[in-house]
Amino acid sequence: FRVQVVPVWTEQRRLLGAAMVIDDVTEVRRLEQMRTEFVANVSHELRTPLTSIKGFVETLLDGALDDAKVAKRFLSIINEETQRLQRLIEDLLQLSRIESQAGRAVEDQAFLEPEMQRVRNLLEPIALEKRITLQVDVQKNLPQLPLSPDNLKQVLVNLTENAIKYTPEGGRVHVRAFRQDQNVTLEVQDTGIGIPEESLPRIFERFYRVDKARSREMGGTGLGLAIVKHIIERSGGRVTVHSQVGAGSIFTVSFPALQE
Ligand code: ADP
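Computed from a prediction, not measured in an experiment: that's the story for all the values here. (Residues numbered from 1 in each chain as written. Predicted model: local features only at pLDDT ≥ 70, side-chain atom pairs only at ≥ 80, totals over all residues. Heavy atoms only, no water.)

Chemist: Any chance you could explain the packing of aromatic side chains here in plain terms?
Modeler: Two aromatic rings, taken as a pair, are described by how far apart their centres are and by the angle between their planes. In this structure the tally under the stated criterion is three aromatic pairs. Ring geometry for phenylalanine 56 versus phenylalanine 74: centroids 4.9 Å apart, planes at 65 degrees, classification edge-to-face. Residue phenylalanine 56 is found in helix H1 (residues 25-61), and its partner phenylalanine 74 is found in helix H2 (residues 68-100); the two are separated by 18 residues along the sequence. Take phenylalanine 56: its relative accessible area is 21%, and that puts it in the partly exposed class. The interplanar angle of 80 degrees and the centroid separation of 6.2 Å between the aromatic rings of phenylalanine 204 and phenylalanine 251 together place this pair among those described as edge-to-face. A residue pair is termed long-range when its members are at least 10 positions apart, and phenylalanine 204 in the loop between strand E5 (183-190) and helix H5 (212-217) and phenylalanine 251 in strand E7 (residues 248-256) qualify at 47 residues. Each member of the pair, phenylalanine 204 as well as phenylalanine 251, carries the same accessibility label: buried. The ring of phenylalanine 38 has arginine 206 lying over it, and the distance from NZ or CZ to the ring centre is 4.3 Å. Positioned above the aromatic ring of phenylalanine 204, the side-chain terminus of lysine 229 is 5.6 Å from the ring centre. (Phe/Tyr/Trp six-rings, centres within 6.5 Å; stacked < 30°, edge-to-face > 60°. Helix = DSSP H or I, 4+ residues; strand = E, 2+ residues; numbered from the N terminus. Buried < 20%, exposed > 50% of the residue type's maximum accessible area, 1.4 Å probe, protein only. Lys NZ or Arg CZ within 6 Å of the ring centre and 35° of its normal.)

Chemist: Please explain unusual backbone geometry as it appears in this structure.
Modeler: Residues apart from glycine generally show negative phi values, whereas peptide bonds are mostly found in trans. For arginine 13, which is not glycine, the phi dihedral falls at a positive 65 degrees. Assignment of secondary structure puts arginine 13 in the loop between strand E1 (2-9) and strand E2 (15-23). Taking relative accessible area as the criterion, arginine 13 reaches 66% and is therefore assigned exposed. Of note, the phi angle at asparagine 141 is positive, near 60 degrees, even though the residue is not glycine. Relative to the helices and strands, asparagine 141 resides in the loop between strand E3 (133-138) and helix H4 (149-165).

Chemist: Is there a simple way to think about the site of the ligand in this case?
Modeler: Within the structure, the ligand sits among 21 residues, and Asn162, Tyr166, Asp190, Ser215 and Thr221 are positioned closest to it. In this structure, an oxygen atom belonging to the ligand sits 2.8 Å away from a main-chain N or O atom of glycine 222. A distance of 3.2 Å is found between an oxygen atom of the ligand and a backbone nitrogen or oxygen belonging to glycine 224. For the ligand, whose free accessible area comes to 540 Å², the fraction covered by protein is 97%. With three residues, H4 is the single largest residue contributor to the shell around the ligand. Of the residues belonging to the shell around the ligand, the class tally is ten nonpolar, eight polar and three charged. (Near = heavy atom within 4 Å. Polar contact = N/O pair within 3.5 Å; in protein donor to acceptor, adjacent residues only side chain to side chain. Areas by Shrake-Rupley, 256 points an atom, 1.4 Å probe, with all protein chains shown as cover. Nonpolar A, V, L, I, M, F, W, Y, C, P; charged D, E, K, R; others polar.)

Here is the structure:
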C-alpha cells in the first residue's frame, strides 16, 4: 500500500484540512507487470515465425532457389509461418476488441440453436478427418443469451475446435445446451488427452499452453481460451473446466437466462 497525505483547499484557496490517500500499489504493480509480460509474450510469439521466415528467405536467395524441390519445401514452410502470424494477429485484435468494449450492449442477444448448427457445419469436416464423432444437442425453446451472435459463435468455435484438436483419432466430442434452473448451460465435452490438474487454474491465461510444441503443431495461438473467458465474463456468464488426463475434458459455460 502507498499512503499519502494531501492538503484539501476550498475554492477560495483556504486550507480546509488534509486527506489521506491509500493506494493499493500492489494491485497497480500487478497490472503493470501483467502488461509488461503480455508485451514480452506477444513479441516473442511474433518473433518466432518471423525469424523462421527470414531464415528460409535468405537461404532461398543464397542459392536454394535453384533447386526447385528444395525451394518448394522452403516456400511451404514460409507459407505456414505466415499463416501462423496471421492467426496470431487476428486473435490479438479480437482480444483487444473485446477488452475495449465497455461491457455488454443491452441489445446483444443470441439464440443458441442457429449458432450451434453453424458451428457444427463449420467443424464437422475437421472432426470427420480425424474420425471424431461430433454430436450436437440443443434443448428446444431455450431463451436467448445475453451476447451478440458473433461472440456466441466465437465461443462455440474456440471450445469445439479445441475439443477436436486435443482429442485423438476415433474420439468423441459432445456439444450440448440445456436449461438448468434459472441458467442456460452449454457444455463441450471431449474424450481427449485431458489437462493436468496443476495446469487447470492457468488454462484461461493468454499464451498459456500445457504443451507448447503440441499447440504449435496444431496451429494454436494460445489465445483461444482467453478470448472465450473474456467474452463470457463480459456478458455476465461463467466458464469452468473439469478434466482428467487421458480421459477427457469438459468445458461448461453458464448464463443467467434473459427475462423473456
Ligand atoms: P491453443 O491455441 O494453444 O489451443 P487455447 O487458449 O485455446 O490455446 O488453449 C490453451 C491450452 O489449453 C492449450 O494449449 C491446451 O494445452 C489446453 N487445452 C484447451 N482445450 C483443451 C482440451 N479440450 N483438451 C485438452 N487440452 C486443452
